[in-house]
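Coordinate analysis (summary)
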Amino acid sequence: MKCIKCGTDNKLKERTEHRGRCKQCGHAFVFDPKATPGVTHTDQFFAHVIAAATAQDTLFITPRQLWYFFCARQARSRIGFTGCGVILFLAAFVFLLLSVSASAFFLLPMALAFAAGVAMFLPPLQRRLKPKVAKEPVVSFEQFSEWLARWQSVNGPIAKLLPPPAQASAPAQVSSEITAYSFDRVVVCQHAAIAQFLIASNFHFEHNCAVLSLNHYPQNIFDTVMQMLRRNPELKVYALHDASLNGIQMTHRLMSDERWFAGQSGVTVYDLGLMPRQLLGRPVFTSRERSGQVQSLSALPAPVQQGLQPEEMKWLEAGNSVELESIGPQRLLQIITLGIARSRDPRTQDMLVPVGTGYYDSGGVYVYSSDSFG
C-alpha cells in the first residue's frame, strides 16, 4: 500500500512494524483494508475520491455529496474487479475448449488473444452491467462521517468541504443602497446545505439571482432578501428539491404559502426537479426522508397528486426517495444553469434537461427544467 505523502510502497509487515505508519516518512495510514475490519479502500482511493469530487480542489462540496461520490466510486471499482474476473474466466474456458482439438503450441497464445479481445469490449460491457434500478449506498452516512473525521485528523481539513450551515439569528446590516434593488430570479432549495453550496460556489453572483432555502437560510438576511424580491412584479422562482414526498410538493408550497409568494401577482414558479419520473430505471441511490412532513401519498395536496404519473405513485409508495445531494456538484450546477437558460426561451417546448447522476460516466437523469406553475 502506497503512502499518499511520499509514494513509498509499504507491505503489511512493514506497516505493522511501524505501527501503521510509512516506513519512509512516518506518515500515518488512515485506512488499511488488511488490518481494519469493514474497510475495503485505501488512503489513495479516498484521496482520489476527494480530488475528483472537488474537481481538483476547485469546487465546494457538502459532506453528503462527498459521501454519495465515495459510494459511487466504490460501486464502480467493484464492477471493474468483476470485469477482470470475467476476462480470466473466459480465457480459462477457451483454453480448456482448445485443448481438446488444438495442439498445445497454439493454446496459450490463442487464449491470451481472446482475453485481449474481451478486454477491448469490457468498458461497454461494464456500462451494461451497471445497476439499472435504485439501490442503497454501500456504506451508511454515519460510518462515512467517522471515516471522514479520521481522515481530517491525520491529513488536515479538506479545503473545499463545507461545514454544516450556520443558523445565524441576528439580522445582518445591509446597506440601503443595496436593498433598494431587487432580483430578477431566486433559486429556492429544499435543504439549507444545497443553498449553502450554491452560495459558496458564487452561483448567486454569476447568475445575478438570490439563493434561499425553505427553512429560511441564510437566516441573517432572509427577511431583507424577501423584501427585495417582492419589489419585482415579474419575479421568476426556481424550486430545487429531492425526489421525495416532501420534495415534490415544494412548488405548491411556494405558490400557496403567504410567507413565500402566495397572492403575489406576476410571479412564475419553475420546477428544476427532482421528480420520480426523471429517475425511474436509472442507476441512482435511494435514501429515506430526512424530515417528516408528509407520511403518505394521500396526505399530499390534491394538485400535487394529480401531477403524478402511476409509476411515480408506485415508486413513492414503495418508500423510495432520492436526495439532490446524490448528484455531483458539477452536474448540479449544470442542471440549474441550463434550467434557468431554457426558461428564458419561449420557443423551447421540450423542457427535459439530460444530466448525469454525477458518479457514472454514461447514462443520465432527466430533469424538467421549467415546468411553469405560474
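Residues numbered from 1 in each chain as written. Predicted model: local features only at pLDDT ≥ 70, side-chain atom pairs only at ≥ 80, totals over all residues. Heavy atoms only, no water.

Let us look at the overall build of the protein. A count of helical and extended segments in the protein gives 14 helices and seven strands. For the protein, with 374 residues in total, the buried portion stands at 45%. Sequence separation of at least 24 residues holds for 72% of the intrachain contacts in the protein that already meet a minimum separation of 6. (Helix = DSSP H or I, 4+ residues; strand = E, 2+ residues; numbered from the N terminus. Buried < 20%, exposed > 50% of the residue type's maximum accessible area, 1.4 Å probe, protein only. Contact = heavy atoms within 4.5 Å.)

The end-to-end C-alpha separation of helix 14 (residues 329-343) is 21 Å, in line with the 21 Å expected for 15 residues at 1.5 Å each. Those residues of helix 14 that sit buried are Pro329, Leu332, Leu333, Ile335, Ile336, Gly339, Ile340 and Ser343. Down the axis of helix 14, the sector holding all buried residues measures 155 degrees, keeping them to one side. (Expected span 1.5 Å × (residues − 1). Arc of directions from axis to C-beta.)

Under the counting rule described, the total for this entry stands at zero disulfides. The cysteine cysteine 6 is free of any disulfide, with cysteine 22 supplying the nearest cysteine sulfur at 3.5 Å. Taking relative accessible area as the criterion, cysteine 6 reaches 36% and is therefore assigned partly exposed. For the unlinked cysteine cysteine 25, the closest cysteine sulfur is that of cysteine 3, found at 3.6 Å. Cysteine 25 gets classed as partly exposed once you look at its relative accessible area, which sits at 40%. (Disulfide = S-S within 2.5 Å.)

This paragraph deals with the environment of leucine 240. Looking at where leucine 240 falls in the secondary structure, it is placed in strand 3 (residues 236-240). Sequence separation between leucine 240 and glycine 273 is 33 residues; the distance between their C-alpha atoms is 5.7 Å. In this structure, leucine 240 is in contact with Val187, Val188, Cys189, Gln190, Ile194, Leu198, Met250, Leu272, Gly273, Leu324, Leu332 and Ile336, ignoring residues within four places of it in sequence.

Structurally, glutamate 323 is set in the loop between helix 13 (310-317) and helix 14. Its relative accessible area of 1% is what places glutamate 323 among the buried residues. A distance of 2.8 Å separates polar atoms of two side chains, one belonging to glutamate 323 and the other to arginine 64. (Polar contact = N/O pair within 3.5 Å; in protein donor to acceptor, adjacent residues only side chain to side chain.)

The next thing to look at is helix 13. Those residues of helix 13 not exposed but buried are Glu312, Trp315 and Leu316. Down the axis of helix 13, the smallest arc covering the buried residues is 95 degrees, so these residues share one side. Every exposed residue of helix 13 that faces more than 90 degrees away from the buried side is listed here: Pro310, Lys314 and Glu317. Taken from the residues just after helix 13, glycine 319 is the one with a positive phi, measuring 85 degrees.

To continue, consider the packing of helix 2 (residues 43-53) against helix 6 (residues 141-155). Two numbers describe how helix 2 lies on helix 6: the axes approach to 12 Å, and their chain directions differ by 95 degrees. Compared by their axis directions, helix 2 and helix 6 come out roughly perpendicular. Across the interface between the two elements, Asp43, Phe46, Ala47 and Ile50 from helix 2 touch Phe144, Leu148 and Trp151 from helix 6. Looking at the contact of helix 2 with helix 6, its residues break down into six nonpolar, no polar and one charged. (Axes fitted to C-alpha atoms, helices over the stretch in contact; angles between N-to-C directions. Parallel < 35°, antiparallel > 145°, perpendicular 65-115°, else oblique. Nonpolar A, V, L, I, M, F, W, Y, C, P; charged D, E, K, R; others polar.)

As a further point, take the pattern of salt bridges. Two side chains that carry opposite charge are able to pair once their charged atoms sit near each other. Scanning all chains against the criterion turns up six salt bridges. One salt bridge in this structure joins arginine 253 and aspartate 257, with 4.0 Å as the shortest N-O distance. The residue arginine 277 makes a salt bridge to glutamate 312 at a minimum N-O spacing of 3.2 Å. With arginine 277 in the loop between strand 4 (268-271) and helix 12 (302-306) and glutamate 312 in helix 13, this residue pair connects regions lying 35 residues apart in the sequence. Through salt bridges that share partners, Arg253, Asp257 and Arg259 make up one connected network. (Salt bridge = Lys/Arg side-chain N within 4 Å of Asp/Glu carboxyl O.)

Now for the nonpolar core. Val187, Cys189, Leu198, Phe203, Leu240, Leu332 and Ile336 are the most contacted members of the largest nonpolar core, which has 39 residues in total. Residue assignment for this core shows that the elements contributing at least two residues are strand 1 (185-189), helix 8 (192-200), strand 3, helix 13 and helix 14. Among residues more than four places away in sequence, those in contact with phenylalanine 203 are Val187, Leu198, Cys209, Leu333, Ile336, Thr337 and Ile340. In this structure, Val49, Tyr68, Ala72 and Phe285 belong to the second largest nonpolar core, which totals 25 residues. (Core = buried A, V, L, I, M, F, W, Y, C linked by side-chain atoms within 4.5 Å.)

This paragraph deals with the pairing of strand 4. By the alternation rule, side chains of strand 4 split into Thr268 and Tyr270 and Val269 and Asp271, which are all buried. Pairing between strand 3 and strand 4: four bridges, direction parallel. Following the sheet pairing, lysine 236 is matched in strand 4 by threonine 268. The β-α-β motif built from strand 3, the intervening helix 11 (residues 250-256) and the parallel element strand 4 has right-handed crossover chirality. (Pairing = 2+ DSSP bridges. Right-handed = clockwise from strand over helix to strand, strands pointing away.)

With that settled, consider the packing of aromatic side chains. Applying the stated criterion across every chain, the model contains 15 aromatic pairs. With 5.8 Å between their ring centres and 35 degrees between their planes, phenylalanine 46 and phenylalanine 144 make a pair best called tilted. Of this pair, phenylalanine 46 sits in helix 2 while phenylalanine 144 sits in helix 6, and the two are 98 residues apart along the sequence. Since its relative accessible area comes to 1%, phenylalanine 46 is described here as buried. The structure contains a cluster of three or more aromatic residues connected by ring pairs, namely Phe31, Phe45, Phe46, Phe70, Phe144, Trp147 and Trp151. For the cation-ring pair, arginine 64 lies above phenylalanine 141, with the distance from its terminal atom to the ring centre recorded as 4.7 Å. (Phe/Tyr/Trp six-rings, centres within 6.5 Å; stacked < 30°, edge-to-face > 60°. Lys NZ or Arg CZ within 6 Å of the ring centre and 35° of its normal.)

Okay, the confidence of the model for the protein next. If pLDDT is low for a region, its predicted coordinates should not be looked at in detail. Summary statistics for the protein give a mean pLDDT of 78 and a share of 71% for residues scoring 70 or more. pLDDT under 50 marks residues 125-134. Its contacts with residues more than four places away, or in other chains, come to 19 contacts. Counted against residues more than four places away or in other chains, residues 354-374, with its pLDDT under 50, gives 90 contacts. (pLDDT = per-residue confidence, 0-100.)

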